[in-house]
Amino acid sequence: MDAHSRGRADEIDPADQWVLNPQTGHYELRLDRSAEQSSQAAPSQPRPRTTRSARGATPPGQRTHDRAERGDHSASRTTEAAPPVPGQRRRRAPEPGDQRGPAGRRKRRPEKSRKKKVMMWTGGTMAFVVVAGAAGAYALYNHFDNNINTIEVAGGSEGFKKDEAFNVLLIGTDKRTGEGNAGYGDKNSPGHADTTILFHVSKDRTNATAMSIPRDLVIDIPECETKQSDGSVKKIPGQTDERFNISLGQSDRDPGCTMRTVKEITGLTVDHFMMADFNAVKEMTTAVGGVKVCVAKPVNDPKSHLKLPAGESTIQGEQALAFVRTRHSFGNESDLDRMKVQQQFLSSMIRQMKSDDTLTSPTKLYGLADAATKALTVDTGIGSISKLKSLALELAKIDTKNITFLTMPVIDNPSEPRPVTVVPDPVEAPRLFEMMQSDTSLTEVKKKETDAKNAQAAAQAKLLQGARSTAREVRVDVYNGSGKTGAAQKTIEWLQNEHGVTRSSNKSNAPEPAAKTTLTYAPNQADQARKLADLMGLPATALKPGTQDAGEREPMTLVLGADYKGAGVPLTGPAKAPEGAQTADKQVCAK
């Protein structure tokens, strides 16, 4: 074992094994474990071994020409009077019995445990990751923030309030901007409000209403102000009896003018707008990996270049844009039918954006954020990443099942011999606007309507629950309001001959035609009514109970309506749904 290794074995620093011999003036290697050396060995310790290599060794970097290097042993001979050579300094604690204190150098600090080293390394790494992540997040924040295009609108809102209902106007312009869009829209046009949806969010964030406004809606465009690049304000005069779509782009109108127009129509203050061009549809659908749509029949529209097979498809990019632009593939090829298709598309896109496939994919989330911030133009009130994030968090609280898409109620323009435009429905439109103004949930209204119908049906069903009389005890007068000759007489014959209802009488024609068959009876005739309903297959809705009891021999009144199909043919529907029936929870395909 060499000196270096031996020094390490005794936990002695190799650098401390070289000491200066004042006799010779040279450094010599000392391997003695004692704290100091003298010319005479201590009795308790063995005389140290000395080798030629040890005696003649020279510390690194120092040249020596003494006799030891030449093999002369006189170099190792010393006299009693010779000054002592400094002893080797310890790296360990004194041995038992050693009364001498530590010599020269202080003790080495104890080494940190491996666990502590790992923790220090990990902590340092985490600190670096946090700092680097913060820097990356800041860079990403700036990237998205710089993507956003904003327009300062006159009289615009500074931001929505979290404890108040708010309205956002979604505008799709047909302006030909963006790569690959030269073949769309009107050439050299500043664009129109081609697709417009007023998105109303409830105060408690439990529901939202998305109302499409037809571009061919004829209304009065109010006077509006626009902010100019130099900070000045320009007034644009209003126009009467014009199509809604010219509220944007034409005559230098900006989205603020469209917001003002919507307020004039609905009475609702529009807080913010989001405007998208053709690229928004293409890039955002691509970012989320496509949007699922469904069509009832194959589509091949040469004008929009949309080609789809019947059934469900996943579309993105150019194909998605063609889907929302087509007017000749569905319904009666009108703008109103196109809006229904757009609503189905947006519903599907919202579901896709809120799905786990998107929310758990960093790549999709980045792509969606990048595409959205590049493609959207917003008002300055929400014109930053932080404000858009706050808006998104508010919208995220709404369950998709509570977002209602509908079209503003309209009628054909009465001033046109052959209507090509529409006007607001004078009855239904104000009713809808009032509901939105009062923050009424349309999903809640529909639920209440459904609950009311269900409650009525349940109450009607109870009329058939209870005791039945015998056929012989049934007393009934039959009137014919069906429009079918001899219907009352045929029913009487069937009741008497087939079921023994002998106390039935033909009262000929009813005073007036009846759309539905009805059976009117007194409370004390309920058991007779249930028996007759069983025999004729009358539904619960046909039973019309009175409030006062009838006399002992007084008959019930049966009026046969237009739904009468013949003596002995039940009026109730089949207990099992027919083949091909579809429930409301399945996706509806565009037709």
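Residues numbered from 1 in each chain as written. Predicted model: local features only at pLDDT ≥ 70, side-chain atom pairs only at ≥ 80, totals over all residues. Heavy atoms only, no water.

### Observations regarding helix α5 (residues 278-287)
Then, in step 1: When you tally the buried positions in α5, you get 7 out of 10 residues, the bulk of the element.
Then, in step 2: Inspection of α5 places Phe 278, Asn 279, Ala 280, Lys 282, Met 284, Thr 285 and Ala 287 among the buried residues, and these make up the whole buried set.
Then, in step 3: Between a side-chain oxygen at the N-terminus of α5 and the backbone nitrogen of Asn 279 the separation is 3.1 Å; the capping residue is Asp 277. (Buried < 20%, exposed > 50% of the residue type's maximum accessible area, 1.4 Å probe, protein only. Helix = DSSP H or I, 4+ residues; strand = E, 2+ residues; numbered from the N terminus. Polar contact = N/O pair within 3.5 Å; in protein donor to acceptor, adjacent residues only side chain to side chain.)

### What to know about the environment of Asp 271
Then, in step 1: Locating Asp 271 in the fold gives a position in the loop between α4 (255-266) and β11 (272-276).
Then, in step 2: Judged by its relative accessible area of 18%, Asp 271 falls in the buried class.
Then, in step 3: In this structure, the C-alpha to C-alpha distance between Asp 271 and Gly 155, residues 116 residues apart in sequence, is 9.7 Å.
Then, in step 4: Reaching out from Asp 271, the side chain makes a polar contact with the backbone nitrogen of Asn 167 at a distance of 2.9 Å.

### Topic: the side chain of Thr 226
Then, in step 1: Mapped onto the elements, Thr 226 comes out in strand β8 (residues 224-227).
Then, in step 2: Accessibility expressed as a relative area gives 3% for Thr 226, which makes it buried.
Then, in step 3: Reaching out from Thr 226, the side chain makes a polar contact with the side chain of Gln 228 at a distance of 2.9 Å.
Then, in step 4: The contact partners of Thr 226, leaving out residues within four places of it in the chain, are Ser 232, Val 233, Lys 234, Ile 236, Asp 252, Asp 254 and Cys 257. (Contact = heavy atoms within 4.5 Å.)

### Points about the packing of aromatic side chains
Then, in step 1: This structure, assessed with the given rule, holds 3 aromatic pairs.
Then, in step 2: Taking 6.1 Å as the distance between ring centres and 40° as the angle between the ring planes, the aromatic pair formed by Phe 323 and Phe 345 counts as tilted. One end of the pair, Phe 323, is in helix α6 (residues 317-325); the other, Phe 345, is in helix α7 (residues 335-353), and 22 residues separate them in sequence.
Then, in step 3: One aromatic cluster is present, built from ring pairs that chain together Phe 323, Phe 330 and Phe 345. (Phe/Tyr/Trp six-rings, centres within 6.5 Å; stacked < 30°, edge-to-face > 60°.)

### Here's the deal with the confidence of the model for the chain
Then, in step 1: Across the chain, the average pLDDT comes to 77, with 70% of residues at or above 70.
Then, in step 2: Contacts from residues 1-10, a stretch scored under 50 in pLDDT, to residues over four places away or in other chains number 13 contacts.
Then, in step 3: Scored below 50 in pLDDT, residues 88-104 makes 32 contacts in the model with residues more than four places away or belonging to other chains. (pLDDT = per-residue confidence, 0-100.)

### Considering the sheet that holds β11
Then, in step 1: What the 7 strands build is an open sheet, ordered β3-β16-β11-β4-β5-β6-β17; its pairing is mixed. Looking along the sheet, the strands with just one partner apiece sit at the ends: β3 (149-151) and β17 (403-407). Taking the axes of each pair of neighbouring strands and ignoring which way they run, one obtains an average angle of 20° across the sheet.
Then, in step 2: Inspection of the sheet shows strand β5 (residues 193-201) paired to strand β6 (residues 208-213) by 6 bridges, in the antiparallel sense. Note that in β6 the partner of Thr 196 across the bridge is Ile 213. (Pairing = 2+ DSSP bridges. Axes fitted to C-alpha atoms, helices over the stretch in contact; angles between N-to-C directions.)

### Comments concerning the nonpolar core
Then, in step 1: Counting residues in hydrophobic clusters, the biggest one holds 30 residues, and the most contacted among them are Leu 169, Leu 198, Met 211, Leu 217, Phe 244 and Met 408.
Then, in step 2: Only β4 (166-173), β5, β6, β7 (218-221), α4, β11 and α11 (428-437) provide two or more residues apiece to this core.
Then, in step 3: Of the residues forming this core, the biggest block, 5 residues, is contributed by α11.
Then, in step 4: Counting residues in hydrophobic clusters, the runner-up holds 28 residues, among them Val 295, Ile 315, Phe 323 and Ala 372. (Core = buried A, V, L, I, M, F, W, Y, C linked by side-chain atoms within 4.5 Å.)

### As for the state of the cysteines
Then, in step 1: Summed over all chains, the structure comprises 1 disulfide.
Then, in step 2: Between the sulfur of Cys 224 and that of Cys 257 lies a disulfide, 2.0 Å long from S to S. The chirality of the disulfide connecting Cys 224 with Cys 257 is right-handed, given an S-S dihedral of about 75°. Pair noted here: Cys 224 is in strand β8 and Cys 257 is in helix α4, with a separation of 33 residues, a long-range link. You'll find Cys 224 and Cys 257 in the same group, each marked buried. (Disulfide = S-S within 2.5 Å.)

### Quick word on the pairing of β4
Then, in step 1: A large share of β4 lies buried, amounting to 6 of its 8 residues.
Then, in step 2: Here β4 runs beside β5; their pairing, made up of 8 bridges, is antiparallel. When the sheet's bridge partners are listed, Val 168 is paired in β5 with Phe 199.
Then, in step 3: When β4 meets β11, the two strands line up parallel, connected through 5 bridges.

### Digging into the packing of α6 against α7
Then, in step 1: Relative to each other, α6 and α7 sit at 140°, their axes nearing to 8 Å. Taken as axis vectors, α6 and α7 run oblique relative to one another. Between α6 and α7, the contacting residues are Ala 320, Phe 323, Val 324 and Arg 325 on the first element and Arg 338, Val 341, Gln 342 and Phe 345 on the second.
Then, in step 2: Residue classes in the contact of α6 with α7 are distributed as 5 nonpolar, 1 polar and 2 charged. (Parallel < 35°, antiparallel > 145°, perpendicular 65-115°, else oblique. Nonpolar A, V, L, I, M, F, W, Y, C, P; charged D, E, K, R; others polar.)

### Let's talk about the sheet that holds strand β23 (residues 543-545)
Then, in step 1: The 5 strands lie next to each other as β21-β20-β24-β22-β23, forming an open sheet whose pairing is mixed. Unpaired on one side and paired on the other, β21 (503-509) and β23 mark the two borders of the sheet. Within this sheet the neighbouring strands show an average axis-to-axis angle of 20°, counted without direction.
Then, in step 2: Of the strand pairs in this sheet, strand β22 (residues 518-521) and β23 are connected by 3 bridges, and their pairing is parallel. Along β23, the bridge assignment pairs Tyr 521 with Pro 545.
Then, in step 3: Relative to the sheet, helix α13 (residues 487-499) contacts β20 (475-480), β21 and β24 (556-560), its axis offset from that of β21 by approximately 170°.
Then, in step 4: Helix α14 (residues 526-536) contacts β20, β22, β23 and β24 of the sheet and is inclined by roughly 30° relative to β24.

### Let's talk about the side chain of Ser 355
Then, in step 1: Residue position: Ser 355 is located in the loop between α7 and α8 (356-359).
Then, in step 2: Within the local environment of Ser 355, its side chain forms a polar contact with the backbone oxygen of Gln 352, the two atoms lying 2.7 Å apart.

### Details of the pattern of salt bridges
Then, in step 1: Enumeration according to the criterion identifies 15 salt bridges in this entry.
Then, in step 2: A salt bridge links Lys 227 to Glu 152, with the nearest nitrogen and oxygen atoms 2.9 Å apart. Here Lys 227, found in strand β8, pairs with Glu 152, found in the loop between β3 and β4; they are 75 residues apart in sequence, far enough to count as distant.
Then, in step 3: Residue Lys 227 is classed as partly exposed on the basis of its relative accessible area of 32%.
Then, in step 4: Accessibility expressed as a relative area gives 43% for Glu 152, which makes it partly exposed. (Salt bridge = Lys/Arg side-chain N within 4 Å of Asp/Glu carboxyl O.)

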